[in-house]
Amino acid sequence: GAVVSQHPSWVICKSGTSVKIECRSLDFQATTMFWYRQFPKQSLMLMATSNEGSKATYEQGVEKDKFLINHASLTLSTLTVTSAHPEDSSFYICSAVDPRQSNYGYTFGSGTRLTVV
Amino acid sequence: GESVGLHLPTLSVQEGDNSIINCAYSNSASDYFIWYKQESGKGPQFIIDIRSNMDKRQGQRVTVLLNKTVKHLSLQIAATQPGDSAVYFCAECRLLAGNQFYFGTGTSLTVIP
């Protein structure tokens, strides 16, 4: 079945630094990937839609200069949290649609837990 | 984004009993819905989907019901097992409007052995 890999799975960084999270579709090509964030005991909030070869589409209220998204190939999207602060600590999850599947659901990565100290 | 919420944040059931998890959605234009299961520290897993032209769909031990009149979804799990303990989310989508999924609040299901 479809596999989406995220790296790293856990990262701790100092306040003010930038962190890059990678999302890869391992066995299929994904022209579109999606980035979510999830706070403890809360739901997934869609941050942006990542489009291969073009600019990402951000949801209302998400700062595009804060959360930089690059989708340079059909199998890789990256999310960079710039100048991270403690309030950016969260679980970040990417997803992609496998065109081979009969449903339109996403395949999710295993998530990246970001802790900013 | 759209607002999708759940009535019950937590649910405890005895092993072997049936579970019912509910979800209300607000966007009447949504035409596709999925139930996801999320275990602690992991990404969500697809359980079952349903299109807006259906009112019921069955899978293995799971059934999803859709009531478009009141914008309500439910997930029924038959013979609940300890491995079903997780957080369950409904997600709604408009397939022709970008395929973005918006998630509900979530219900934490605990199965008591």
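Residues numbered from 1 in each chain as written. Chains lettered and ligands numbered in written order. Predicted model: local features only at pLDDT ≥ 70, side-chain atom pairs only at ≥ 80, totals over all residues. Heavy atoms only, no water.

Quick look at the overall build of chain A
Of the regular secondary structure elements, chain A holds 0 helices and 11 strands. Secondary structure elements in chain A, listed N-terminal to C-terminal, are β-β-β-β-β-β-β-β-β-β-β. A globule of 117 residues ought to have a C-alpha radius of gyration of about 13 Å, and chain A, at 13 Å, matches this closely. Its C-alpha atoms give chain A principal-axis dimensions of roughly 40 × 30 × 25 Å. Counting all 117 residues of chain A, 50% fall into the buried class. With the model as given, the accessible surface of chain A reaches about 5,800 Å², and the carbon-plus-sulfur share is 53%. Here chain A contributes 10 positive and 9 negative side-chain charges, whose respective centroids are spaced 5 Å apart. (Helix = DSSP H or I, 4+ residues; strand = E, 2+ residues; numbered from the N terminus. Rg over C-alpha atoms; globule rule 2.2 N^0.38 Å. Buried < 20%, exposed > 50% of the residue type's maximum accessible area, 1.4 Å probe, protein only. Areas by Shrake-Rupley, 256 points an atom, 1.4 Å probe, with all protein chains shown as cover. Lys, Arg positive; Asp, Glu negative; His and termini not counted. Charge placed at Lys NZ, Arg CZ, Asp CG, Glu CD.)

Observations concerning the packing of aromatic side chains
As enumerated under the stated definition, the model contains 13 aromatic pairs over all chains in all. Taking the centre distance of 5.9 Å and the plane angle of 55° together, the rings of Tyr36 of chain A and Phe108 of chain A count as tilted. Of this pair, Tyr36 of chain A sits in strand 4 (residues 32-38) while Phe108 of chain A sits in strand 10 (residues 106-108), placing them 72 residues apart in sequence. Feature note: the residues Phe34, Tyr36, Tyr106 and Phe108 of chain A together with Tyr32, Tyr36, Phe89, Phe101 and Phe103 of chain B constitute an aromatic cluster, connected by ring pairs. (Phe/Tyr/Trp six-rings, centres within 6.5 Å; stacked < 30°, edge-to-face > 60°.)

Considerations on the interface of chain B and chain A
Interface size is commonly expressed as the accessible surface area that is lost when the partners come together. The interface of chain B with chain A comprises 22 residues on the first partner and 20 residues on the second. In total, about 1,500 Å² of surface goes out of reach between chain B and chain A, with carbon and sulfur atoms giving 56% of it. Taken together, chain B and chain A are joined by 0 salt bridges. Taken together, the connections running from chain B to chain A amount to 8 residue pairs in polar contact (both at pLDDT 80 or more). Elements that contribute at least two residues to the side of chain B that touches chain A include exactly strand 4 (32-38), strand 5 (45-51) and strand 10 (101-103) of chain B. For the side of chain B that touches chain A, the element with the highest residue contribution is strand 4 of chain B, accounting for 4 residues. Residue composition of the side of chain B that touches chain A, grouped by class: 10 nonpolar, 9 polar and 3 charged. (Contact = heavy atoms within 4.5 Å. Buried area = accessible area lost by both parts, 1.4 Å probe. Salt bridge = Lys/Arg side-chain N within 4 Å of Asp/Glu carboxyl O. Polar contact = N/O pair within 3.5 Å; in protein donor to acceptor, adjacent residues only side chain to side chain. Nonpolar A, V, L, I, M, F, W, Y, C, P; charged D, E, K, R; others polar.)

Here's the deal with the nonpolar core
Of all hydrophobic cores here, the largest spans 24 residues; its most connected members are Trp35, Leu79, Tyr92 and Leu114 of chain A. At the level of elements, strand 2 (10-13), strand 3 (19-25), strand 4, strand 5 (44-51), strand 7 (67-73), strand 8 (76-81), strand 9 (90-97) and strand 11 (112-116) of chain A are the ones that each hand at least two residues to this core. Setting aside residues no more than four positions away along its own chain, Tyr92 of chain A makes contact with Gln6, Ile21, Tyr36, Arg37, Met47, Phe67, Leu79, Val81, Gly111, Thr112 and Leu114 of chain A. Core analysis: the second largest hydrophobic core is formed by 20 residues, Val13, Phe33, Val64 and Leu75 of chain B among them. (Core = buried A, V, L, I, M, F, W, Y, C linked by side-chain atoms within 4.5 Å.)

A few points about the confidence of the model for chain B
In this model, chain B carries an average pLDDT of 90, and 93% of its residues clear a pLDDT of 70 or more. Per-element averaging of pLDDT across chain B places strand 1 (residues 4-5) of chain B at the bottom with 50 and strand 7 (residues 62-67) of chain B at the top with 98. (pLDDT = per-residue confidence, 0-100.)

Things to note about unusual backbone geometry
Residue and element names in this part refer to chain A. With omega at 0°, the peptide bond leading from His7 into Pro8 counts as cis. Despite not being glycine, Lys41 shows a phi value in the positive range, around 60°. Despite not being glycine, Ser83 shows a phi value in the positive range, around 45°. Locating Ser83 in the fold gives a position in the loop between strand 8 and strand 9.

A look at the sheet that holds strand 1 (residues 4-7) of chain A
Residue and element names in this part refer to chain A. The 4 strands are arranged 1-3-8-7 in an open sheet whose pairing can be described as antiparallel. Since the sheet does not close on itself, it has two edges, and those belong to strand 1 and strand 7, each with one partner. When the angles between neighbouring strand axes are averaged without regard to direction, this sheet yields 15°. Sheet topology places strand 3 next to strand 8; 6 bridges connect them, and they run antiparallel. Across the sheet, residue Glu22 finds its bridge partner in strand 8, namely Thr78. (Pairing = 2+ DSSP bridges. Axes fitted to C-alpha atoms, helices over the stretch in contact; angles between N-to-C directions.)

So, the state of the cysteines
What makes a disulfide is a covalent bond joining the sulfur atoms belonging to two cysteines. Residue and element names in this part refer to chain A. Overall, the coordinates contain 2 disulfides over all chains when judged by the stated rule. Here Cys23 is linked by a disulfide to Cys94, with a sulfur-sulfur distance of 2.0 Å. Across the disulfide from Cys23 to Cys94, rotation about the S-S bond amounts to roughly 80°, and the bridge is consequently right-handed. Note that Cys23 is positioned in strand 3 and Cys94 in strand 9, a separation of 71 residues in sequence. (Disulfide = S-S within 2.5 Å.)

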